[in-house]
Amino acid sequence: MTRLMLPAGLLLLAACSGGEDKSQPEDSAAISPLQKAERPAPAEPAVDADLPDAAEETPAKPETETAGDGKTIPSAIRGRWALKVADCKAKKGTDLTALTIDATNLRFYESHGELSRVRESDAGRIVADYKFSGEGVEWDRRMQLDLAEGGKTLVRRDSGEGAAAGAMRYTRCAG
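Residues numbered from 1 in each chain as written. Predicted model: local features only at pLDDT ≥ 70, side-chain atom pairs only at ≥ 80, totals over all residues. Heavy atoms only, no water.

1. Observations concerning the packing of aromatic side chains
Two descriptors summarise a pair of aromatic rings, namely the distance from one centre to the other and the angle between the planes of the rings.
So, point 1. On inspection of all chains with the given rule, the structure shows 3 aromatic pairs.
So, point 2. Aromatic side chains Phe 108 and Phe 132 sit 6.0 Å apart centroid to centroid with 40° between the ring planes, which places their arrangement in the tilted category. Linking Phe 108 in the loop between strand 3 (105-107) and strand 4 (112-122) with Phe 132 in strand 5 (residues 125-134), this pair joins segments that are 24 residues apart in sequence.
So, point 3. Judged by centre distance (5.5 Å) and plane angle (5°), the rings of Phe 132 and Trp 139 are stacked.
So, point 4. Trp 139 sits in the partly exposed class, given a relative accessible area of 27%.
So, point 5. Among the aromatic side chains, those forming a connected cluster through ring pairs are Phe 108, Tyr 130, Phe 132 and Trp 139. (Phe/Tyr/Trp six-rings, centres within 6.5 Å; stacked < 30°, edge-to-face > 60°. Helix = DSSP H or I, 4+ residues; strand = E, 2+ residues; numbered from the N terminus. Buried < 20%, exposed > 50% of the residue type's maximum accessible area, 1.4 Å probe, protein only.)

2. Thoughts on the confidence of the model for the protein
So, point 1. For the protein, mean pLDDT is 74; residues scoring 70 or higher make up 60% of the total.
So, point 2. By mean pLDDT, helix 4 (residues 54-57) is the weakest element of the protein at 38, and strand 8 (residues 168-172) is the strongest at 97.
So, point 3. Predicted confidence for residues 9-17 stays below pLDDT 50, and this span has 0 contacts to residues more than four positions away or in other chains. (pLDDT = per-residue confidence, 0-100. Contact = heavy atoms within 4.5 Å.)

3. Here we look at the nonpolar core
So, point 1. The biggest cluster of nonpolar side chains holds 18 residues, and the ones touching the most others in it are Ile 101, Leu 106 and Tyr 130.
So, point 2. No other element matches the 4 residues that strand 5 contributes to this core.
So, point 3. Not counting the four nearest positions on each side in its chain, Tyr 130 is found in contact with Ile 73, Leu 106, Gly 113, Glu 114, Leu 115, Ser 116, Trp 139, Asp 140, Arg 141, Met 143 and Leu 145. (Core = buried A, V, L, I, M, F, W, Y, C linked by side-chain atoms within 4.5 Å.)

4. Topic: the pairing of strand 5
So, point 1. Burial of strand 5 is extensive: 7 of the 10 residues sit out of reach of the surface.
So, point 2. Sheet topology places strand 4 next to strand 5; 9 bridges connect them, and they run antiparallel. In the sheet register, His 112 faces strand 5, and the bridge partner there is Ser 133.
So, point 3. Between the end of strand 4 and the start of strand 5, which pair antiparallel, lie 2 residues.
So, point 4. Alignment of strand 5 against strand 6 (residues 137-148), held across 10 bridges, turns out to be antiparallel. What sits directly across from Phe 132, in strand 6, is Trp 139.
So, point 5. Hairpin connection, strand 5 to strand 6: the antiparallel pair is bridged by 2 residues, and Glu 135 has positive phi, about 55°. (Pairing = 2+ DSSP bridges.)

5. Some details on the environment of Gly 160
So, point 1. Counting through the fold element by element, Gly 160 comes out in the loop between strand 7 (153-159) and strand 8.
So, point 2. Here Gly 160 falls in the exposed class, since its relative accessible area comes to 56%.
So, point 3. Gly 160 sits 19 residues away from Arg 141 along the chain, and the two C-alpha atoms are 6.2 Å apart.

6. Some points on the pattern of salt bridges
So, point 1. Summed over all chains, the structure comprises 9 salt bridges.
So, point 2. A salt bridge links Asp 146 to Arg 125; the nearest nitrogen and oxygen atoms lie 3.1 Å apart. Within this pair, whereas Asp 146 is found in strand 6, its partner Arg 125 is found in strand 5, the two being separated by 21 residues in sequence.
So, point 3. Taking relative accessible area as the criterion, Asp 146 reaches 13% and is therefore assigned buried.
So, point 4. According to the relative accessible area criterion, Arg 125 is partly exposed, its value standing at 25%.
So, point 5. Across the salt bridge formed by Asp 146 and Arg 157, the nearest N and O atoms sit 3.2 Å from each other. Residue Asp 146 is found in strand 6, and its partner Arg 157 is found in strand 7; the two are separated by 11 residues along the sequence. (Salt bridge = Lys/Arg side-chain N within 4 Å of Asp/Glu carboxyl O.)

Below you can see the structure in the form of structure tokens.
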């Protein structure tokens, strides 16, 4: 009885398939799975030597020059910066707009940001998350730092809750 139900079940299953024959020629042939695996891959279409290669037509996507190990702020961005040039010469503690950057830290007048995750980085740019603290408060902030004007200017863009609107332009302090 089981033998009769199996073919009947297969017929019912075939009837419910929507009537479309989606089988490949080799599906109906008596080819074992081993023989299918041993079949060679279809040959590549012939390429006419007079026609340009498709790979040559599409320009390659430029690769980002990686700076550092992806765990530090690029060395070209490190240093002392200020929103007001006068703050470059101000005595420490009175340099209200100064920003000092080292391998893993951003130090402002009343706050400190520690690098927690680099999202993008190359020799003159970093997008990263920082854990900040200052005046008894802690917060997280994502910042994008870009060098401009041959490394003389640092453009800072913040994102996230409480972020400053617009870009801030810092001047590199001498020494």
